[in-house]
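Listed below are the residues making up each chain.
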Amino acid sequence: MSLLPIMLKLEGKRAAIVGAGKVAARHIPKLLEAGIKEVVVYAPTLHPILEGYQDHLSFTWVKEVVQFNSTFNEELLFLMTDDKTLHRNLYRRKKSFQLIYVANDANLSDFHFPMTMQKGKFSFSLSTGGASPTYGKKIMKEIELALPDTIDEDLVFLEKARKLVLKSNLSQKDRRLLLQNCASAEWLQDPDRDQKVMKWIEEITSGGSTRT
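Predicted, not measured: the structure shown is a model, and the values here were computed from it.

J.: I tried to follow the packing of helix α5 (residues 151-167) against helix α6 (residues 172-182) on my own but got confused; where do I start?
T.: Two measures define how a pair of helices packs: the angle their axes make with one another and the distance between the axes. Direction vectors running N to C along α5 and α6 enclose 170°, while the axes themselves pass 10 Å from each other. If you check the angle between α5 and α6, you find them roughly antiparallel. Regarding α5 and α6, the two cross each other, and that crossing is right-handed. Counting all contacts with α5, which are made through Phe157, Leu158, Ala161, Arg162, Val165 and Leu166, the residues of α6 involved are Arg175, Leu178, Leu179 and Cys182. Here the contact of α5 with α6 is built from residues that sort into 8 nonpolar, no polar and 2 charged.

J.: Which parts of the structure should I look at to understand the pairing of strand β6 (residues 115-119)?
T.: Consecutive side chains along a regular strand alternate between the two faces of the sheet. Alignment of β6 against strand β7 (residues 122-126), held across 5 bridges, turns out to be antiparallel. Bridge pairing in β7 links Lys119 to Phe122. The turn joining β6 and β7, which pair antiparallel and follow one another in sequence, is formed by 2 residues; a positive phi near 65° is taken by Gly120.

The rules behind the values
- Residues numbered from 1 in each chain as written.
- Predicted model: local features only at pLDDT ≥ 70, side-chain atom pairs only at ≥ 80, totals over all residues.
- Heavy atoms only, no water.
- Axes fitted to C-alpha atoms, helices over the stretch in contact; angles between N-to-C directions.
- Helix = DSSP H or I, 4+ residues; strand = E, 2+ residues; numbered from the N terminus.
- Parallel < 35°, antiparallel > 145°, perpendicular 65-115°, else oblique.
- Left-handed = near helix turned anticlockwise from the far one by under 90°.
- Contact = heavy atoms within 4.5 Å.
- Nonpolar A, V, L, I, M, F, W, Y, C, P; charged D, E, K, R; others polar.
- Pairing = 2+ DSSP bridges.

Structure follows, in structure tokens:
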């Protein structure tokens, strides 16, 4: 099974969630944190973790048992109960425009949840394609330990620098060179890196030669 790794923008999107147990409790907070417009949960009871989200503006709980012939109109459909027969029946009734996640059947799912690490603006996802989640967790831990402690501050600096560069009158060549320099270890470790960017831009735009 071939998969395409992507980052999905959820703003304006709606999700129907069938089931509100342990699996749903693990994934629904991720959807809400990503800024999804609406999550509608269909289940007779809520997992204790999800009870705390009932005041969230994007969270709606429909207290009912979903039937085999039910259909949903949301763009995303999550089937997260322990009833495989129910899942198969709902899958057959899914709309053509819907992306579907079936918790207990990877072959029916249009997408999956990889292991994810978040540090400020930095996001990192890892998947072993189901071969070995245990090994994936081991690799994820090694990557996390290898990341610099300053990664969040570095990305804030790099974002500011990029905005300055894009607003400048620098040539495409100088813009590219400056952004490459900003991401180098030498520049990132410089306590005066913000001033260094401004000085670099001023020197070039005032007629100086391209620096390295």
